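Commentary on secondary and tertiary structure
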Amino acid sequence: MKFFLLLSAVGVCWAQYNPHTRQGRTAILHLFEWRWADIAVECERYLARKGFGGVQVSPPNENAVITNPYRPWWERYQPVSYKLCTRSGNEDEFRNMVTRCNNVGVRIYVDAVINHMCAESNAPGTSSTCGNYYNPQNREFPAVPYSGWDFNDAKCKTGSGGIENYNDAAQVRDCRLTGLLDLALEKDYVRTKIAEYMNYLIDIGVAGFRLDASKHMWPGDIKAILDKLNNLNTNWFPEGSRPFIFQEVIDLGGEAIKSSEYFGNGRVTEFKYGAKLGTVIRKWNGEKMAYLKNWGEGWGFMPSDRALVFVDNHDNQRGHGAGGASILTFWDARMYKMAVGFMLAHPYGIARVMSSYRWERHFENGKDVNDWIGPPNNNGATKEVTINPDTTCGNDWVCEHRWRQIRNMVAFRNIADGEPFTNWWDNGSNQVAFGRGNKAFIVFNNDDWSLSLTLQTGLPAGTYCDVISGDKVGGDCTGSRVYVSDDGTAEFSISNTAEDPFIAIHAGSKL
Ligand code: AAO
């Protein structure tokens, strides 16, 4: 009896750490600013077949329409109500997307902006994505409704009413983040309104949430909201499933607030991951890939079973948030593919792949002054994601997740799931290799000279297709082949000038 109670307690508290992806699918994907209609068809035509576990979508709730600058991406982080209409689509389109993605086993995670409403400085009126009236100066959001009582104006102790010092935990949580009206999450009324919004989404069929700006909410307030949430919709999830939770907390060290304060609620974004991996791949500060041997907790990261990891996110790919200049993005495609390849091959954390749009960058004094530019659009209406004959995307959608190297490493991660980190090799510099049990093996050459040697792969003998330079098509390989001998070894050679200086093979790429 005691044992049973213990087991069920473990079952319950583990639930919010589980992304509820279909068996054999591991990585999740952020389709930043995509329209619901495009996500629905992408689930069906691509993501399910390629083994993606789920999609983080941009905030689906009504936001302030900002026209100066013109329709920035960040207007979606300025809520006006919890009605489901945005540039990505309306409620019907949202429901249709969730149903169609779930039906092919691809989960939807909502970016939940619950710490605040829009900026105090926005003009009163109906400049909002569903056309609802709001008056931020008077704290009026009748479409929720929220009023003056529901904000932290009295609780915040700074002179400006905004966050002035990140070393003071109370002001980080009680004051305004960049002028955004801070909700009084200690109030049961506010908690209830937020939980109603999240439950509405859960009942539609979403599998979980990214909690935006979690650092700016007290962990206990988040818990009180989570305690009000329904179990997931039993049309697609087992009875009693709890929503997957990952909290956006930027903890690079050196501030009052620590990621660990949030572990009880769910997973937490590990921002050190992308910042450090970018530094290593760029070979800055004397870093080398050889040092990646103890990547993960060995680098001072949070426990793997609490971490949500990524190479870049929608903020730090354009200089917002944190991580700095080391962050790798699609703009540095060669290094980016290596970094994403490393992340997907390595067992640490739940991995999130980024999928972006292109914008016209313009640097002044090292800062991109166009960091606000919204998704590809016609007079504000987000453009469709079109697909080119070569399977890449058009209309300025980058679709990193469709790049062969990245898409094939998602399959690698699925095949390696649950297998130990094995057969590490390095040359003391930037040539490294490792395997995942007897299922998968990867070799990198980020040095300025060629790699050519025999390595133990741990794989059964046979001919394998390198999934970085090509694809296994039928019984054939469109890229280079790797011959594993009876003793598990294979010869590898990688030129330092190769466009993709890495090779990956796995049980599924055996010819
Ligand atoms: C927009 C305008 C503002 C305007 C405001 C209101 O840009 O000028 O004042 O409207 O009118 C997004 C955009 C914002 C935008 C906002 C609302 O990024 O520019 O403001 O929508 O439209 C902090 C938070 C973190 C947040 C990040 C951007 O902690 O939660 O800022 N990310 C999320 C979303 C993001 C969104 C919001 C939250 C708001 O992902 O898209 O904002 O909903 C330190 C702290 C971090 C802090 C950063 C930046 O980081 O640690 O917690 O992030 O500063 O303020 C080194 C340090 C590192 C430090 C970093 C930068 O790397 O190691 O710790 O330097 O100083």
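The text that follows walks through the structure, step by step, so that each part is easy to find. Here the structure is a predicted model, which means the values were calculated and not measured.

Definitions and limits used
Residues numbered from 1 in each chain as written. Predicted model: local features only at pLDDT ≥ 70, side-chain atom pairs only at ≥ 80, totals over all residues. Heavy atoms only, no water. Core = buried A, V, L, I, M, F, W, Y, C linked by side-chain atoms within 4.5 Å. Buried < 20%, exposed > 50% of the residue type's maximum accessible area, 1.4 Å probe, protein only. Contact = heavy atoms within 4.5 Å. Near = heavy atom within 4 Å. Polar contact = N/O pair within 3.5 Å; in protein donor to acceptor, adjacent residues only side chain to side chain. Areas by Shrake-Rupley, 256 points an atom, 1.4 Å probe, with all protein chains shown as cover. Nonpolar A, V, L, I, M, F, W, Y, C, P; charged D, E, K, R; others polar. Helix = DSSP H or I, 4+ residues; strand = E, 2+ residues; numbered from the N terminus. Right-handed = clockwise from strand over helix to strand, strands pointing away. Pairing = 2+ DSSP bridges.

A few points about the nonpolar core
- One finds Ile39, Phe94, Met97, Tyr146, Ile194, Phe209 and Leu211 to be the most contacted residues of the largest nonpolar core, which totals 135 residues.
- Apart from the residues lying within four places of it in its own chain, the contact partners of methionine 97 are Trp36, Ile39, Ala40, Val57 and Ile108.
- Counting residues in each nonpolar core, the second largest holds 14 residues, with Leu451, Val482, Val484 and Ile503 among its members.

Brief notes about the site of the ligand
- Near the ligand, the surroundings consist of 25 residues, among which Trp74, Lys215, His216, Glu255 and Asp315 are the closest.
- Interatomic distance of 3.0 Å between a backbone N/O atom of threonine 178 and an oxygen atom of the ligand.
- At 2.6 Å, a side-chain N or O of histidine 216 approaches an oxygen atom of the ligand.
- When the ligand is considered free in solution it has 1,100 Å² of accessible area, and contact with the protein chains removes 72% of it.
- Tallied by class, residues from the shell around the ligand come to eleven nonpolar, eight polar and six charged.

Let's talk about the side chain of glutamate 248
- Structurally, the position occupied by glutamate 248 is in the loop between strand E7 (244–247) and strand E8 (267–269).
- Overall, glutamate 248 belongs to the buried group, its relative accessible area being 9%.
- Separated by 2.8 Å, the side chain of glutamate 248 and the backbone nitrogen of alanine 213 make a polar contact.

Looking at the pairing of strand E3 (residues 107–112)
- For E3, the tally of buried residues reaches six of six residues, placing the bulk of the element in the interior.
- Burial along E3 is two-sided: Arg107, Tyr109 and Asp111 and Ile108, Val110 and Ala112, pointing in opposite directions, are all buried.
- With helix H3 (residues 91–103) bridging strand E2 (residues 54–57) and the parallel E3, this β-α-β connection has right-handed handedness.
- In terms of strand pairing, E3 meets strand E6 (residues 208–211) through four bridges, oriented parallel. Bridge pairing in E6 places valine 110 opposite phenylalanine 209.

These figures capture arrangement, not role.
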